[in-house]
Amino acid sequence: MHLFRMCAWFGLGLCVVALGLWGALVIWFTLPLATWLLAVLGGGYVIVGLLCLYGGYRAGRPIRGLLPFALLTGVVAVWWSQIQARNDRDWLADVAQLPSVEVEGSQILLRNVRNFDYSSETDFVPRWEDWSLELDQLQSLDLIAVYWMGDTIAHTILSFGFGERQVAISIEIRKEKGEGFSTIAGFFRRYELYYVVGDERDLIGVRANHRDPREDVYLYRVQAPKVKIRELFLEYAKKINRLREVPEFYNTLTTNCTTNIATHAWALGGDLPVSWKILASGYFPELVYQHGALDQSLPFEELKRRSLVNDRAQTAEREGDFSKHIRAGLPGM
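Small disclaimer: the values here were computed from a predicted structure and weren't measured. (Residues numbered from 1 in each chain as written. Predicted model: local features only at pLDDT ≥ 70, side-chain atom pairs only at ≥ 80, totals over all residues. Heavy atoms only, no water.)

1. Regarding the overall build of the protein chain
Logical step 1: Secondary structure summary: the protein chain contains 12 helices and 10 strands in total.
Logical step 2: Each principal axis of the C-alpha atoms in the protein chain carries an extent, and together these give about 75 × 45 × 40 Å.
Logical step 3: Looking at the protein chain as a whole, 45% of its 333 residues qualify as buried.
Logical step 4: Counting contacts in the protein chain only where the partners sit at least 6 residues apart, residues at least 24 apart contribute 65% of the total.
Logical step 5: If you sum the accessible surface of the protein chain, you get close to 16,900 Å²; carbon and sulfur atoms cover 58% of it.
Logical step 6: The protein chain carries 35 positive and 38 negative side-chain charges, and their two centres are separated by 8 Å. (Helix = DSSP H or I, 4+ residues; strand = E, 2+ residues; numbered from the N terminus. Buried < 20%, exposed > 50% of the residue type's maximum accessible area, 1.4 Å probe, protein only. Contact = heavy atoms within 4.5 Å. Areas by Shrake-Rupley, 256 points an atom, 1.4 Å probe, with all protein chains shown as cover. Lys, Arg positive; Asp, Glu negative; His and termini not counted. Charge placed at Lys NZ, Arg CZ, Asp CG, Glu CD.)

2. Some thoughts on helix α11 (residues 310-319)
Spacing of three or four residues puts side chains on the same side of an α-helix, whose turn is 3.6 residues.
Logical step 1: If you check which residues of α11 are buried, you get Asn310, Ala313 and Ala316. Down the axis of α11, the smallest arc covering the buried residues is 120°, so these residues share one side. In this structure, α11 carries Asp311, Arg318 and Glu319 as exposed residues pointing more than 90 degrees from its buried face.
Logical step 2: Tucked into the core, α11 has its buried residues touching α4 (200-203), α5 (205-210), β10 (216-221) and α12 (322-327).
Logical step 3: Directly beyond the C-terminal end of α11, a positive phi value near 90° is found at Gly320. (Arc of directions from axis to C-beta.)

3. Things to note about unusual backbone geometry
Glycine aside, residues mostly have negative phi, and peptide bonds are mostly found in the trans state.
Logical step 1: Residue Pro213 follows Asp212 across a cis peptide bond; omega there is 0°.
Logical step 2: By the element assignment, Pro213 lies in the loop between α5 and β10.
Logical step 3: Phi angles above zero are rare outside glycine, and Asn112 is one such case at about 60°.
Logical step 4: Assignment of secondary structure puts Asn112 in strand β2 (residues 107-114).
Logical step 5: Of note, the phi angle at Arg189 is positive, near 55°, even though the residue is not glycine.

4. Side note on the layout of surface pockets
Logical step 1: Computed from the structure, the largest pocket encloses a volume of approximately 1,100 Å³.
Logical step 2: Forming the boundary of the largest pocket are 37 residues, of which Trp148, His155, Ile173, Phe181 and Arg211 lie nearest the centre.
Logical step 3: Examining the composition of the lining of the largest pocket, we find that three residues originate from one element, strand β8 (residues 165-174), more than from any other.
Logical step 4: Across the lining of the largest pocket, the residue classes break down as 20 nonpolar, seven polar and 10 charged.
Logical step 5: Put simply, the second largest pocket is a space of about 500 Å³.
Logical step 6: Going through the elements one at a time, β6 (138-147), α6 (226-245), α7 (257-267) and α9 (284-290) are the ones with two or more residues in the lining of the second largest pocket.
Logical step 7: At four residues, α6 tops the list of elements feeding residues into the lining of the second largest pocket.
Logical step 8: Grouping the constituent residues of the lining of the second largest pocket by class yields 15 nonpolar, five polar and three charged. (1 Å grid on protein atoms, 1.4 Å probe; cavity = no way out; pocket = protein on both sides within 12 Å on 5 of 7 lines; lining within 4 Å. Points joined across faces, edges and corners; volume = space filled by probe spheres on them. Nonpolar A, V, L, I, M, F, W, Y, C, P; charged D, E, K, R; others polar.)

5. A short note on the pattern of salt bridges
Logical step 1: If you walk through the whole model with that rule in mind, you get 21 salt bridges.
Logical step 2: As a salt-bridge pair, Glu121 and Arg211 come within 3.1 Å of each other at their nearest N and O atoms. Here Glu121, found in the loop between β3 (117-118) and β4 (124-125), pairs with Arg211, found in the loop between α5 and β10; they are 90 residues apart in sequence, far enough to count as distant.
Logical step 3: Looking at Glu121, the relative accessible area reads 36%, which means it is partly exposed. (Salt bridge = Lys/Arg side-chain N within 4 Å of Asp/Glu carboxyl O.)

6. A word on the packing of helix α2 (residues 35-59) against helix α3 (residues 62-81)
Logical step 1: Running from amino to carboxyl end, α2 crosses α3 at an angle of 160°, the nearest separation of the two axes being 6 Å. Here α3 runs roughly antiparallel to α2, going by the angle between their axes. With respect to the hand of their crossing, α2 and α3 are arranged in left-handed fashion. Every residue of α3 that contacts α2 at Tyr45, Val48, Gly49, Cys52, Leu53 and Gly56 is listed here: Pro62, Gly65, Leu66, Pro68, Phe69, Leu72, Thr73 and Val76.
Logical step 2: When grouped by side-chain class, the residues that make up the contact of α2 with α3 number 10 nonpolar, four polar and no charged. (Axes fitted to C-alpha atoms, helices over the stretch in contact; angles between N-to-C directions. Parallel < 35°, antiparallel > 145°, perpendicular 65-115°, else oblique. Left-handed = near helix turned anticlockwise from the far one by under 90°.)

7. Things to note about the packing of α6 against α7
Between two packed helices, the angle of one axis relative to the other and the distance separating the axes together describe the packing.
Logical step 1: Between α6 and α7, the least distance of the axes is 10 Å, while the angle of their chain directions is 115°. For the crossing formed where α6 meets α7, the hand is right-handed. Here Leu232, Glu235, Tyr236 and Lys239 of α6 lie close against α7, whose contacting residues are Ile261, His264, Ala265 and Ala267.
Logical step 2: Broken down by class, the residue content of the contact of α6 with α7 amounts to five nonpolar, one polar and two charged.

Set out below in C-alpha cells:
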C-alpha cells in the first residue's frame, strides 16, 4: 500500500511538472511582455504548482492541495484556447500577400502567385502575379522534399504540372516582421498557417541557390491518376480560399507541411498509410514510394540519389526554363 501511494504521488508530481512547463511555455510564447517579466511569470507558474503539490503531500490531501493550481491551469487553458489566428498582422514581405484560387468551369485564376527575383534569401525583388490556367491541362504531380538538418526532417512541397507551367504550393508559417521560427513555439499558437502558391524558380530556387547554407532539394514524380491529381488541386484550392476568410494556426506536430498533405489526401478518400514517417517528414518520400506512388524501377535509395536537383537548379536559374531544366532525365519524368 505504501509503495502504491508513493507511485501515485510520483505520477501526480510528473503531471504537475508537465502542466507547469506547459503553462510557462504558453506564457513565454504568447504574452507580449519583456523577457525578464515572462521568465518571472513562467517560473512563478511552475513554482505555484510545486508548492501546491508539496502542500497536498504534507496534508495528505492531494485534491485540496492542488485545487488552486488546477483552477489557475484552467484559467490559462481557457484564455489560451480563445487566442485567434489573424490575417492583419505586419507580415514579412515574402508572405505579405494571401493567394486565392478562382475556379469557373475548367478556367482557373490564381491570384498572388509568388515569383520573386532573389539575390540572396533576404535580398529580393518582390513580384506577385496572377496566372490563368486550364484545369484540363493539369497532367502531373511532383513531390519536393527539402533537407536542411539531417535525414529525419524535411520540408515537403507539392508541384502541380499544368502543361509547361508548374504551380508549386508550399505549406509554411506566416512570419511577422522581426519574427523567427522556433519549433517549440510552433506548438503554442504563435504562427499562422500559410499556403505559398509560387513559381518553382522561387520556391525551389531560394532553397537550392540562395539560402546559407544551401538546402538539399529532391524532386519526385508522383504516380497518380490525372483525375486524382485534379481533385487534390481543387482540395488545395478550397483550403487556400478558406484561409483568406478563416485563418488558422500552424502546429509543429499536427498542422505542418507534411501532415497537411496527408490530410488533403485522406480527405479525398486516399489510402495513404498512417505512419510515423508522416511526422518524421524526412522519410515521407520513402513512405510514398513504399505505397507504390513513386517510380518503382529503382530501389528507393537509388531513386533518391538521382532525384537531387541542386546542381540543376543552379544552372537553370542562369539558363532559363527552370522547371523543364531541373526535370530533364529525372526518374519517372
